[in-house]
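# Summary of the model geometry
Each chain, written out:
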Amino acid sequence: MLLSKYKGSALAALAGDCIGAEYEAAWQPVAYQTLMELEEILKNSQAASRRFLNYTDDTEMAHELAKSLVENGKFVAKDVASKFTKTFFTSPPCRYYGESVRTVFEKLQKASPFSDPFGPASEQFDGQGSYGNGSAMRVFPVALFCHGNQELLEKLAALSAKLTHVHIDAINGAKLQASAVEIALSSSDGSISWLEFWQKLKDLIDKFEVDVPEKVYTNKLDTIKELIAREEVASVHEFEDEVGTGIKATEAVCAAIYAFLMCLADRQPSELSSLSKVQQVVFYSISLGGDTDTIGTMAGAIAGAFYGDEGLPSYWLSACEGEDMARDLATKLHELNEK
Ligand code: 8NA
Ligand code: MG
Ligand code: MG
Ligand code: MG
């Protein structure tokens, strides 16, 4: 069962990125009907003519991080920095990296062999660091690697973030997203209510933000609870106003958590009712619009870790570039964790 959760996390993260990337540039809510039309296309296409969906920076970086953890059996900052940098400069244009992170990789490459892996990130935005969601979008392998050890998870989520993102909101976003995947790995469908899941996240964020003057995550998690408990489902526009779906870690991470918790609370839209739970979370998260590939990949990582890989249809996975790699890395991270 745990192996199914590992595979579910890596594969749903992949599907969320690949499917979400189809709508990334629109920056608009995505209609359920549009998503269900894609579902029909994927379901009915023959293997030979199957629509092929490329993954983006989210998966590319997550897989490099996972490969480094697997190869070294521990987090080695120089190796992760080296892998991130090498793939950045050799990957095709369809990866659509964030606009500012290029500067980090250019500086890392110049200073190769990566003597100061955390230096360039700390110079971003006049020393403020990036608050983009790039730290959280790629963090799920840390949760798979650290399963059962929350202290190590928090440490490695922060360290892996700091290679590109030193802003406290980006670091806390990575810790929160990794923690959500860990809670999902550690619990099972039917054994935890959405409110209990939310409370676990709230207890952690209270700790992460204890010294942060502007408690953005704390406030957004409170808003999320209020929105889910409310009788009428919030419109996507209201969600956008109250929480946000943009490239800031504080927005995209909270949007992914909201989508997962809404489905756990059985408040997902009826238009998606023919789908499995994992599929519903991925589609619902993308429907929120904004940074769709990143919200999709993070919601997928949580949902797959919770429900396992059974609900992921083969016609989804075979349409996604990187299926074999995701499966292989999940299996190896599971083996490592068992040792
Ligand atoms: P990043 O570190 O370059 O941050 C992304 C953007 O956030 C920057 O270019 C800035 O505009 C803004 N930003 C971040 N920190 C600050 C700050 N301290 N002050 C002012 N502005 C700031 O990259 P990242 O890795 O965080 O980005 C991840 C996102 O980029 C993901 O959604 C990923 O999918 C990708 N993305 C690409 C496209 C595209 O079409 N190229 C579109 C959306 C997202
Ligand atoms: Mg992306
Ligand atoms: Mg906004
Ligand atoms: Mg994105």
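See the structure printed just above.
Let me sum up the structure you'll find in this document. (Residues numbered from 1 in each chain as written. Chains lettered and ligands numbered in written order. Predicted model: local features only at pLDDT ≥ 70, side-chain atom pairs only at ≥ 80, totals over all residues. Heavy atoms only, no water.)

## Here we look at the site of ligand 1
To be explicit about the condition: A molecule or strand has a residue near it when one of that residue's heavy atoms lies within 4 Å. Definition of a polar contact: a pair of N or O atoms within 3.5 Å, with one able to donate and the other able to accept a hydrogen when the atoms are protein atoms, and with sequence-neighbouring residues admitted only if both atoms are side-chain atoms. Working definition of accessibility: Shrake-Rupley area with a 1.4 Å probe, residue cover restricted to the visible protein chains.
The environment of ligand 1 is made up of 24 residues, and the closest members are Ser100, Gln128, Ser130, His165 and Asp291. One of the side-chain N or O atoms of Asp58 is found 3.2 Å from an oxygen atom in ligand 1. Within the side chain of His165, an N or O atom sits 2.7 Å from an oxygen atom of ligand 1. The protein chains hide 81% of the 840 Å² of surface that ligand 1 would expose on its own.

## Examining helix H15 (residues 277-287)
Keep this limit in mind: When a residue's accessible area, from a 1.4 Å probe over protein chains only, is under 20% of the maximum for its type it is buried; when over 50% it is exposed; and in between it is partly exposed. To qualify as a helix, a DSSP run of H or I must reach at least 4 residues; to qualify as a strand, a run of E must reach at least 2; elements of each kind are numbered from the N terminus. Pairs of residues are marked as contacts when any of their non-hydrogen atoms sit within 4.5 Å.
Within H15, 10 of the 11 residues are buried, which leaves the element mostly enclosed by the surrounding structure. Burial in H15 covers these residues: Val278, Gln279, Gln280, Val281, Val282, Phe283, Tyr284, Ser285, Ile286 and Ser287. If you follow the buried residues of H15, they end up packed against helix H1 (2-20), helix H2 (32-44), helix H13 (236-242), helix H14 (249-264), helix H16 (292-307) and helix H17 (314-317). Phi for Gly289, located one or two positions after H15, is positive at around 80 degrees.

## What about the nonpolar core?
Our working definition: Among the buried residues, those of types Ala, Val, Leu, Ile, Met, Phe, Trp, Tyr and Cys that are joined through side-chain atoms within 4.5 Å form a nonpolar core.
With 116 residues, the main nonpolar core has Phe197, Tyr258, Phe260 and Leu261 as its most contacted residues. The contacts of Tyr258, once residues within four sequence positions are left out, are Ile224, Leu227, Ile228, Ala234, Phe239, Tyr284 and Leu288.

## A short note on the coordination of the magnesium ion (ligand 4)
Angles between donor atoms at a metal ideally measure 109.5 degrees for a four-coordinate tetrahedral arrangement and either 90 or 180 degrees for a six-coordinate octahedral one. Inclusion rule: Donor atoms (N, O, S) are those found within 2.8 Å of the metal centre, with the cutoff raised to 3.2 Å for Na, K and Ca; water is not part of the atom list, so apparent gaps in a site can occur. A site with four donors is called tetrahedral when every donor-metal-donor angle falls between 85 and 135 degrees; four donors are called square planar, and six octahedral, when opposite donors sit more than 155 degrees apart and all other angles fall between 65 and 115; any other arrangement is irregular.
The coordination sphere of the magnesium ion (ligand 4) contains the protein donors Glu24 (OE), Asp291 (OD), Asp293 (OD) and Thr294 (OG1), at a distance range of 2.0 to 2.7 Å. Here the magnesium ion (ligand 4) is ringed by six donor atoms whose angles at the metal span 73 to 170 degrees, and the overall shape comes out octahedral. Here the magnesium ion (ligand 4) and the magnesium ion (ligand 2) are spaced 3.5 Å apart, and both take Asp293 as a donor. Residue Glu24 is found in the loop between H1 and H2, and its partner Thr294 is found in helix H16; the two are separated by 270 residues along the sequence.

## Structural notes on the packing of aromatic side chains
Aromatic rings considered in pairs are described by the distance between their centres and by the relative angle of their planes. How we decide: Each pair of aromatic rings taken from Phe, Tyr and Trp, with Trp reduced to its six-membered ring, is defined by centres within 6.5 Å and is described as stacked if the planes are under 30 degrees apart, edge-to-face if over 60, and tilted in the remaining cases. The criterion for a charge sitting over a ring is simple: Lys NZ or Arg CZ within 6 Å of the ring centre, and within 35 degrees of the ring normal.
A complete count under the given rule lists 12 aromatic pairs for this structure. For the pair Phe88 and Phe89, a centre-to-centre distance of 5.0 Å together with 90 degrees between the ring planes defines the contact as edge-to-face. You can call Phe89 partly exposed: its relative accessible area is 31%. Each member of the aromatic cluster is reached from another via a ring pair, and the members are Phe88, Phe89, Tyr97 and Phe105. Here the guanidinium or amino end of Lys248 rests over the ring plane of Tyr131, the centre of that ring lying 5.3 Å away.

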